[in-house]
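# Inside the fold
Below, each chain spelled out in residue letters.
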Amino acid sequence: VTTGDIGPKIGYNNMDNGYCSFNHVWIPRRNMAMRFAVVDEQGQYSKKRTTGSSSTAAADDSAAAKVAYITMMQVRAMICSSASTYLAMACTIVLRYSAVRHQGYDGNGTTEVPVLDYTQQQYRLLPLLAASYGFHFTGQYLNRRLRTVEGNLLNGTAHKVQVTDVHATSSALKSYMTTFTADGMEECRKACGGHGFLLSSGLPELYTTYLQNPTVEGDNHMLPQQVIKVLLKLVAVVRRGGGEEYESCDSYGLVPFLRQIISGKSSNNRASDATSLDSILDAFAYRAARLLESVATLLQSQIRNGVSQHDAWNHCLVEMARASKSYAQYLILRIYIQDGTQNPSLHVQAPEVNVLTDMARLLALYWMVQDSGDFLEDGYMKSMDWARKALLVSLSTVRPNAVPLVDAWDFSDFRLKSTLGRFDGNVYEAIMDATQREPLNRSDPGPAYEPHLKRLIVGGVGAARRSRL
Ligand SMILES: Cc1cc2nc3c(=O)[nH]c(=O)nc-3n(C[C@H](O)[C@H](O)[C@H](O)COP(=O)(O)OP(=O)(O)OC[C@H]3O[C@@H](n4cnc5c(N)ncnc54)[C@H](O)[C@@H]3O)c2cc1C
């Protein structure tokens, strides 16, 4: 057995990731965890059958095979929850700093403006703040859902579509939320200007430590294939006139839109000014269903034209990623609206619900404007002008609450480890204080003075020689 450390990484260096290789090492059979699958003494592999009471449960016994995925799905759910935390920490630093940092003057030319009052800064940051809250509800939802499915698996009442559905949900969400969070944290760093480049801002360490998440537990560019593999079965079921068996599934929300698309019926109320949250959510569900159905059609047309299954699948990967992302955005917004704005058991009052609603709308509009082509290309939306205008209104609505909303996360200064994101806002004192701990600043003049600079200054560089100028 050979072991070692893999060496320094871009971040996450408090974790000593190692390597290990085995050469002719025998591990006793009793060391194998054999709750759901067994290897006998002759080396034969077999699955253990679950003890379901209903005939459907027995028929769905193969769902037990999916239990192997549960641990991975649980880790993905934890990763989704932590996406919220990391994004919220980065937002706390950048939004507090943006409220303290003043640049330029107001219209009267007298008062300096906090950079957070510039709509460009708001456009970069406030959707990230909104997402950090949306991701919080999504992480909680995913954990709850997994617990339910796991319980059903253990008592033998799990249905295969339910298990594969939660696999698609967790894969789509992990892939999209960690990509969005990593990109968003980098945007937070850039939005701090030059000071974001300081290690003492806390952002480089926070961001580089986070960066593993798009890769681990299912690479983010691989996971969409898993999502689409599951959802293509739903398309096939709806094409055959079914879909009701998906009622308890996350993907059931796509069914009415898939039916509409497959039947070729155009919607009478295609939005051009969908300002209500429900109609915006419908637009996201419709877009996810349309992109999914078009992947199914593309795949079929490739195979009909004699392309091999492997090559046809490869041909569709880019469109699969687009469909998976749109499904993730739909799920996040649905959960945000249901759990963050319409949930009576959430212990917040009407004013807080209003703030959460403002943020859900902001995030939806931001995503819609970013991918406006998806909503326009088949004529579902007639224009995006209304959404761009509504987005600007949303930014100004959320702006006054930005700092209280990051304060509400209640991250301690100890945890943020940031000169820029301090609760008291004393940014410049903190930066100066951090510089005092630098080895180069321990002596005055600095260590370069005696050996190098002194002879250039004392006596003068040009004292012995004439200037060539
Ligand atoms: C910090 C850190 C900690 C880790 N910890 C663990 C751990 O504890 N245990 C463990 O087992 N592993 C661990 N990993 C490994 C991690 O699971 C893998 O790095 C990850 O699954 C990606 O696999 P890979 O590195 O082989 O990438 P590759 O498979 O080489 O991928 C390279 C690129 O090719 C693309 N690609 C590959 N195949 C396909 C395909 N079929 N279709 C389309 N695109 C494709 C990928 O998207 C990626 O962009 C860790 C990794 C990191 C960074």
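Here, the structure is the one placed above.
Residues numbered from 1 in each chain as written. Predicted model: local features only at pLDDT ≥ 70, side-chain atom pairs only at ≥ 80, totals over all residues. Heavy atoms only, no water.

Next up on the list: the pattern of salt bridges. Enumeration according to the criterion identifies 24 salt bridges in this entry. Here Arg259 ties to Glu244 by a salt bridge, and the two come within 2.9 Å at their closest N and O atoms. Here Arg259 is found in helix 7 (residues 255-263), whereas its partner Glu244 is found in the loop between helix 6 (223-239) and helix 7, with 15 residues between them in sequence. Salt bridges linked by common partners bring Arg287, Arg290, Glu319, Arg322, Lys325, Asp371, Asp374, Glu377 and Asp378 together as one network. (Salt bridge = Lys/Arg side-chain N within 4 Å of Asp/Glu carboxyl O. Helix = DSSP H or I, 4+ residues; strand = E, 2+ residues; numbered from the N terminus.)

In this structure, Leu129, Trp367 and Met368 are the most contacted members of the largest nonpolar core, which totals 121 residues. Once residues within four sequence positions are removed from consideration, Trp367 is found in contact with Phe135, Tyr176, Phe180, Phe284, Gln329, Ile332 and Leu333. (Core = buried A, V, L, I, M, F, W, Y, C linked by side-chain atoms within 4.5 Å. Buried < 20%, exposed > 50% of the residue type's maximum accessible area, 1.4 Å probe, protein only. Contact = heavy atoms within 4.5 Å.)

Put simply, helix 4 (residues 160-190) and helix 6 touch, their axes get as near as 8 Å, and they point 150° apart. On the basis of the axis angle, helix 4 is roughly antiparallel to helix 6. Between helix 4 and helix 6 lies a crossing whose hand is left-handed. Across from Thr164, Asp165, His167, Ala168, Ser171, Ala172, Lys174 and Ser175 in helix 4, the residues of helix 6 making contact are Leu223, Pro224, Gln226, Val227, Val230 and Leu231. Partitioned by chemical class, the residues of the contact of helix 4 with helix 6 number seven nonpolar, five polar and two charged. (Axes fitted to C-alpha atoms, helices over the stretch in contact; angles between N-to-C directions. Parallel < 35°, antiparallel > 145°, perpendicular 65-115°, else oblique. Left-handed = near helix turned anticlockwise from the far one by under 90°. Nonpolar A, V, L, I, M, F, W, Y, C, P; charged D, E, K, R; others polar.)

In this section: the side chain of Thr169. Mapped onto the elements, Thr169 comes out in helix 4. Residue class for Thr169 comes out buried when judged on its relative accessible area of 0%. Beyond its immediate chain neighbours, meaning those up to four positions away, Thr169 contacts Leu142, Asp250, Tyr327 and Leu331.

Okay, a positive patch on the surface next. A surface patch of positive charge is lined by Lys47, Lys160, Lys229 and Lys233. Assignment of secondary structure puts Lys233 in helix 6. Judged by relative accessible area, Lys233 falls into the exposed class, the value being 53%. (Patch = residues over 30% accessible without salt bridge, like charges linked within 9 Å, V, L, I, M, F, W, Y side chains within 5 Å. Areas by Shrake-Rupley, 256 points an atom, 1.4 Å probe, with all protein chains shown as cover. Lys, Arg positive; Asp, Glu negative; His and termini not counted. Charge placed at Lys NZ, Arg CZ, Asp CG, Glu CD.)

Under the criterion given, the structure shown has 12 aromatic pairs. With a centroid separation of 4.6 Å and 40° between ring planes, the pair formed by Tyr133 and Trp409 is classed as tilted. Placement of Tyr133 in helix 3 (residues 119-154) and of Trp409 in the loop between helix 14 (402-407) and helix 15 (413-416) is noted, with a sequence separation of 276 residues between them. Centroid distance Phe284 to Phe375: 5.1 Å. Interplanar angle 70°. Geometry classified as edge-to-face. A residue pair is termed long-range when its members are at least 10 positions apart, and Phe284 in helix 8 (residues 277-304) and Phe375 in helix 12 (residues 372-376) qualify at 91 residues. With respect to burial, Phe284 and Phe375 carry one shared label: buried. One aromatic cluster in this structure is built from Phe135, Tyr176, Phe180 and Trp367. Above the ring of Phe414, the side-chain terminus of Lys417 is found at 4.2 Å from the ring centroid. (Phe/Tyr/Trp six-rings, centres within 6.5 Å; stacked < 30°, edge-to-face > 60°. Lys NZ or Arg CZ within 6 Å of the ring centre and 35° of its normal.)

Moving on to the site of the ligand. Taken together, the neighbourhood of the ligand is formed by Asn17, Gln212, Thr215, Val216, Asp219, His221, Met222 and Gln225. One of the side-chain nitrogen or oxygen atoms of Asp219 is found 2.6 Å away from an oxygen atom of the ligand. Between a nitrogen atom of the ligand and a side-chain N or O atom of Gln225, the distance comes to 3.1 Å. For the ligand, whose free accessible area comes to 970 Å², the fraction covered by protein is 35%. Among the residues forming the shell around the ligand, the class breakdown is two nonpolar, five polar and one charged. (Near = heavy atom within 4 Å. Polar contact = N/O pair within 3.5 Å; in protein donor to acceptor, adjacent residues only side chain to side chain.)

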